[in-house]
Every structure is written in C-alpha cells, then in structure tokens.
Amino acid sequence: MVSSEQRRRQLAREKYERQMQARAEAAAKRRKRNAVVASVLAVLVVAGVASVAGGVFDSDKKKDKSASAAPSPSSSGKQWAAEPAMSIDTAAQYTATMDTSAGKVTFTLDAAKAPHTVNSFVFLAGQQFWDNTKCHRLTTEGIYVLQCGDPTGTGSGGPGYSFADENLTGATYPAGTVAMANSGANTNGSQFFLVYKDTQLPPSYTPFGKITGGLDVLQKIAAAGVQGGGGDGAPATPVNVASITTAKG
C-alpha cells in the first residue's frame, strides 16, 4: 500500500515532469517564431534589400556545426548557434567554483562520464555566461534541488544551443549531485541543478558533478523556503551568482 509520504513524493515528481514538459513546449514555440523571422529575412535577401543580413545568413549556412559560433547580443546575453567544439581533456580532473550572494559552492566535474556536458560547462564558465545571474528555482517537497544557469532568470533561457544527454544509465540523484536540467530528451543547455537532499528522479537528467563544499549553503537556502510559501518557486533567500569558474587539475 502506498503511504501518504510516498504519494506526496510521487505528486511532486509528476509536477516537476509537467513543468519540464511545459518548458519544452515553450521552447518549441520560440523555435517556430525564430523560423518565421528567418524566413522573412530570407525574402529580404532574395529581394536584394538586406545585403548585410544576407551575408550573415550565408555564413550560418556554411558554418561547421561542431564548432562554436561567434556570440551575438540578445535579451538573454551571449548566444551561440551550436554546441562548442570539444576542448577539454576527458582524462583530466576539473573543478568548479560557484560564488553566490548566499555563499560559495564547489564541485568536481566528471569529464570522463559526461564529456560534452563538462565541455559545455567549462566553455560557458570561460565566457562568463553565468556572471551576475540568479538561481531561479528551489524545490523543497519531494524533490530537493536548487536550479540555476538561466541568464534570464525565468526558467526558459539558455545559450542558444543544445546537446545530447549523457551518463544516464543507472543515474541516481543523492545529496551533492550536480545535474543538467532539461525540457525533454537531448535538450541540455545552460541550466543545471544542485541536489541538497537525497532525491528520487527518473534517470533523465545528466549527472555531471559532485559537490565538494557548500552543501551547508544549499541546505540553509532550502531551510528559508520558497517565496510566498509552497514547495516550488523562487527561493526566499535570493541566490545571486557573481561568477562560476572552472579549473583543470
């Protein structure tokens, strides 16, 4: 027989999955809108009205999609058209330091098991992509995570590219896990979550790091709860990210 606690956790997991699905649908709408904009620009190019825009689109078509595109300004900061080219040493040890207004969190990065994820993380950190952003979501019921990495602070932002899931076979999410948030299979971008208490989730979120310092910082944030009450929303204690840096060795 399912206990009330098990049922509560199940409902929390289902709510989390529904929210992820809603974000996937929102992302699909944005892609459709961008496609419409692109088609309008293409018409202008054919008409010979926008030669500069035409040059940009020609360059995009010729670009090697395995390489990172040049960043361009947008409402959410720097954006890239494709996943960055692999530049990390998968046999090396990498660490990350996350300086926030609530305290410092440090974690290791598993380059061997999640090479593309760690490569993207190191790349975005090097681009100061997360500097002066905030952790926009805290869950305190059923799922125990602090979610960060969205430059817009809305839960729908990202770097402009996505990459495939990794390291999912047998994936679990005990306290101290660092994993990618997503809006469905193979939609990883810049958002990630930090697990501050053992959490039951399906193996659908790429685990790529382990917290080595600052778990107490996360637990203190969680203890303060969510803005307006409830178990899922913006943390009552603002978590402003000053910077995220990475180091090899």
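Residues numbered from 1 in each chain as written. Predicted model: local features only at pLDDT ≥ 70, side-chain atom pairs only at ≥ 80, totals over all residues. Heavy atoms only, no water.

> Can you walk me through the sheet that holds strand β10 (residues 240–248) in this structure?
Across a sheet, strands are paired by hydrogen bonds formed along the backbone, either parallel or antiparallel in direction. Spatial ordering of the open sheet is given by β3-β10-β1-β2-β8-β6-β7-β5-β4-β9, a layout of ten strands whose pairing is antiparallel. Unpaired on one side and paired on the other, β3 (133–134) and β9 (232–233) mark the two borders of the sheet. Of the strand pairs in this sheet, β3 and β10 are connected by two bridges, and their pairing is antiparallel. Following the sheet pairing, K134 is matched in β10 by N240. Its contacts with the sheet put helix α3 (residues 115–126) on β1 (94–100), β2 (103–109), β6 (177–180), β7 (192–195), β8 (207–213) and β10, and the angle it makes with β10 is roughly 120°. Against the sheet, helix α4 (residues 215–224) contacts β2, β4 (137–141), β5 (143–148), β7 and β8, and its axis sits at roughly 125° relative to β2. (Pairing = 2+ DSSP bridges. Helix = DSSP H or I, 4+ residues; strand = E, 2+ residues; numbered from the N terminus. Contact = heavy atoms within 4.5 Å. Axes fitted to C-alpha atoms, helices over the stretch in contact; angles between N-to-C directions.)

> How should I be thinking about the pattern of salt bridges in this particular structure?
Close approach of charged atoms allows side chains of opposite charge to pair. Counting across every chain of the model gives three salt bridges. Linking D89 and K248 is a salt bridge whose minimum nitrogen-to-oxygen distance equals 3.9 Å. With D89 in the loop between α2 (51–62) and β1 and K248 in strand β10, this residue pair connects regions lying 159 residues apart in the sequence. (Salt bridge = Lys/Arg side-chain N within 4 Å of Asp/Glu carboxyl O.)

> Can you help me understand α3 in this one?
Quick reminder: α-helices carry 3.6 residues per turn. Residues three or four places apart thus point the same way. Taking 1.5 Å as the rise per residue, α3 with twelve residues should run 16 Å; its terminal C-alpha atoms sit 16 Å apart, in good agreement. The buried fraction of α3 is high, at ten of twelve residues. Of the residues making up α3, those classed as buried are P115, T117, V118, N119, S120, F121, V122, F123, L124 and A125. In the core, the buried residues of α3 are packed alongside β1, β2, β6, β7, β8 and β10. After α3 finishes, the residue Q128 shows a positive phi value of roughly 55°. (Expected span 1.5 Å × (residues − 1). Buried < 20%, exposed > 50% of the residue type's maximum accessible area, 1.4 Å probe, protein only.)

> Looking at this model, I keep getting lost on the environment of Y196. Mind explaining?
Here Y196 shows up in the loop between β7 and β8. Given the relative accessible area of 8%, Y196 is considered buried. Measuring from C-alpha to C-alpha, the distance between Y196 and L146 comes to 7.6 Å, with 50 residues separating the pair along the chain. Once residues within four sequence positions are removed from consideration, Y196 is found in contact with L138, T139, T140, Y144, V145, L146, A175, L215, L218, Q219 and A222. Here T139 takes part through its backbone oxygen, which lies 2.6 Å from a polar atom of the side chain of Y196. (Polar contact = N/O pair within 3.5 Å; in protein donor to acceptor, adjacent residues only side chain to side chain.)

> What should I look at first to understand the confidence of the model for the chain in this one?
Interpretation of this model should avoid reading the predicted coordinates in detail wherever pLDDT is low. When pLDDT is averaged along the chain, the result is 81, and 74% of the positions lie at 70 or above. Confidence drops under a pLDDT of 50 for residues 32–76, and excluding neighbours within four residues, the segment shows 38 contacts in the predicted structure. (pLDDT = per-residue confidence, 0-100.)

> Please clarify how unusual backbone geometry should be interpreted in this entry.
In terms of backbone geometry, most residues other than glycine have negative phi values and most peptide bonds are trans. A positive phi is found at Q128, a non-glycine position, where the angle reads about 55°. Along the polypeptide, Q128 turns up in the loop between α3 and β3. With a phi angle near 55°, N167 is a residue other than glycine that sits in the positive phi range. For N167, the position within the fold is in the loop between β5 and β6.

> How should the packing of aromatic side chains be read in this particular structure?
Aromatic ring pairs are described here by two measures, namely the spacing of the ring centres and the angle between the planes. All chains considered together, the criterion is met by 13 aromatic pairs. Measuring from centroid to centroid gives 6.2 Å for F129 and W130, while their planes differ by 80°, and the two rings are edge-to-face. Between Y173 and Y205, the ring centres sit 6.4 Å apart and the planes meet at 70°, which makes this aromatic pair edge-to-face. With Y173 in the loop between β5 and β6 and Y205 in the loop between β7 and β8, this pair connects stretches of sequence that are 32 residues apart. Considered together, Y173 and Y205 belong to a single accessibility category, that of buried residues. (Phe/Tyr/Trp six-rings, centres within 6.5 Å; stacked < 30°, edge-to-face > 60°.)

> Explanation requested: the pairing of β7 in the structure shown.
Taken residue by residue, a regular strand's side chains alternate between the two faces of the sheet. Residues of β7 alternate between two faces, with F192 and L194 on one and F193 and V195 on the opposite face, all of them buried. As paired strands, β5 and β7 are joined by four bridges and run antiparallel to one another. Bridging from a neighbouring strand, V145 pairs with V195 of β7. Sheet topology note: the β6/β7 ladder contains three bridges and is antiparallel.

> What exactly am I supposed to notice about the nonpolar core here?
Across soluble globular proteins, nonpolar side chains show a tendency to be buried alongside one another. One finds M98, F107, L109, F121, F192, L194 and F208 to be the most contacted residues of the largest nonpolar core, which totals 41 residues. Core analysis: the second largest hydrophobic core is formed by twelve residues, Y16, V145, Y173 and Y205 among them. (Core = buried A, V, L, I, M, F, W, Y, C linked by side-chain atoms within 4.5 Å.)

> How do you make sense of α4 when you look at a structure like this?
By the burial criterion, the buried members of α4 are V217, L218, I221 and A222. End-on view of α4: buried residues confined to an arc of 135°, all on one side of the axis. Opposite the buried face of α4, by more than 90 degrees, sit the exposed residues D216, K220 and A223. Turning to α4, the residues buried within the fold contact β2, β4, β5, β7 and β8. One or two steps after α4, the chain reaches G225, where phi turns positive at roughly 85°. (Arc of directions from axis to C-beta.)

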